[in-house]
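Residue-level structural notes
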Amino acid sequence: MSVVLLLLFAGLWSAVGASNLAVVTCGSVVKLLNTRHNVRLHSHDVRYGSGSGQQSVTGVTSVDDSNSYWRIRGKTATVCERGTPIRCGQPIRQTHVNTGRNLHSHHFTSPLSGNQEVSAFGEEGEGDYLDDWTVLCNGPYWGRNGEVRFKHSSTEVLLSVTGEQYGRPISGQKEVHGMAHPSQNNYWKAMEGIFMNPSELLKAESHHA
């Protein structure tokens, strides 16, 4: 989806107004904010000069950068229907909209902090099982207004930012990496984007609660 269409749909969604059931759902396209360091999860067609050599993933302070949009999908080799609410404890994929590569991690060392490297991997949304991240949150579903952690399903590190900053060619961007232990550095919150309406199943659950 082009950035122009994305922003158009986002504007239409804002005009219509969000559902009272404020949860993140499959098919949503969002920007994710690291709440400790105030940077948005970001990627671009720039590869690491060390480690895996895969597409780099960083944190940026810019609110408007189109390279910070990620599509929320079901885990590898599954289909999550659009509008299905993401449950706490559910494994998902996060696909970078502009390059079609998935948020990924593996046993390579990150270039600045020496933690575990986080990269973007695959082609046209298809990579491998190392693209799966488990959503850690309180309650039954990933709430749009709440903070969550993302735990790498295979290596069990947490998606984190600790403030290390790159030089050229991506000056000022922060390193994103995986850390073994929970801290304030691995909390994230859904921010701007397109949030698909929750499915009828969630509406029924809410009505009968």
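Criteria and thresholds
- Residues numbered from 1 in each chain as written.
- Predicted model: local features only at pLDDT ≥ 70, side-chain atom pairs only at ≥ 80, totals over all residues.
- Heavy atoms only, no water.
- Helix = DSSP H or I, 4+ residues; strand = E, 2+ residues; numbered from the N terminus.
- Buried < 20%, exposed > 50% of the residue type's maximum accessible area, 1.4 Å probe, protein only.
- Areas by Shrake-Rupley, 256 points an atom, 1.4 Å probe, with all protein chains shown as cover.
- Core = buried A, V, L, I, M, F, W, Y, C linked by side-chain atoms within 4.5 Å.
- Pairing = 2+ DSSP bridges.
- Phe/Tyr/Trp six-rings, centres within 6.5 Å; stacked < 30°, edge-to-face > 60°.
- Lys NZ or Arg CZ within 6 Å of the ring centre and 35° of its normal.
- Disulfide = S-S within 2.5 Å.
- pLDDT = per-residue confidence, 0-100.
- Contact = heavy atoms within 4.5 Å.

Looking now at the overall build of the protein. For the protein, the count of helices and strands is 2 helices and 13 strands. Here the protein holds 209 residues, and the buried ones make up 48% of them. Here the protein displays about 9,700 Å² of accessible surface, and carbon together with sulfur accounts for 50% of that area.

Counting 29 residues, the largest nonpolar core has Leu41, Val57, Trp142, Phe150 and Leu159 as the members making the most contacts within it. Elements represented by at least two residues in this core include exactly strand S1 (29–34), strand S2 (39–47), strand S4 (70–74), strand S7 (116–121), strand S8 (133–136) and strand S13 (188–194).

Here strand S5 (residues 91–96) runs beside S8; their pairing, made up of 2 bridges, is antiparallel. Of the residues in S8, the one forming a bridge with Pro91 is Thr134. Across 4 bridges, the pairing between S8 and strand S9 (residues 149–152) is antiparallel. Counterpart to Thr134 in the pairing with S9 is Lys151.

By the definition in use, this model includes 1 aromatic pair. Seen from their ring centres, Trp142 and Phe150 are 5.4 Å apart, and the 75° between their planes marks the pair as edge-to-face. Of the two residues, Trp142 and Phe150, neither departs from the other in class, the shared state being buried. Seen from the ring of Tyr69, Lys31 lies directly overhead, with NZ or CZ sitting 4.7 Å from the centre. Lying over the aromatic face of Tyr187, Arg149 brings its terminal NZ or CZ to 3.9 Å of the ring centre.

Now for the state of the cysteines. Across all of its chains, the model carries 2 disulfides by this definition. Linked covalently through their sulfurs, Cys26 and Cys80 form a disulfide whose S-S length is 1.8 Å. Classification of the bridge connecting Cys26 and Cys80 rests on its S-S torsion, roughly 80°, and on that basis the disulfide is right-handed. Placement of Cys26 in the loop between helix H1 (3–16) and S1 and of Cys80 in the loop between S4 and S5 is noted, with a sequence separation of 54 residues between them.

What follows is about the environment of Glu117. Among the structural elements, Glu117 can be located in strand S7. For the pair Glu117 and Ser105, spaced 12 residues apart in the sequence, the C-alpha separation amounts to 6.0 Å.

So, on to the confidence of the model for the protein. Low pLDDT marks stretches whose predicted atomic positions should not be read closely. Averaged over the protein, the pLDDT score is 89; the fraction of residues at 70 or greater is 85%. pLDDT under 50 marks residues 1–20. Its contacts with residues more than four places away, or in other chains, come to 23 contacts.

Below, the discussion takes up the side chain of Asn185. Secondary-structure assignment places Asn185 in the loop between strand S12 (177–179) and S13. Accessibility expressed as a relative area gives 13% for Asn185, which makes it buried. Aside from chain neighbours lying at most four places away, what touches Asn185 is Asn34, Arg36, His37, Leu159, Ser160, Val161 and Thr162.

Within the secondary structure, Ala190 is located in strand S13. Ala190 has contacts with Val24, Lys31, Leu32, Trp142, Arg144 and Phe195, leaving out every residue within four places of it along the chain.

Turning our eyes to something else, we now look at the environment of Asp65. Structurally, the position occupied by Asp65 is in the loop between strand S3 (55–60) and S4. On a C-alpha basis, the gap between Asp65 and Arg40 in space is 9.2 Å, while along the polypeptide they are 25 residues apart. Excluding residues that lie within four positions of it along the chain, Asp65 makes contacts with Lys31 and His42.

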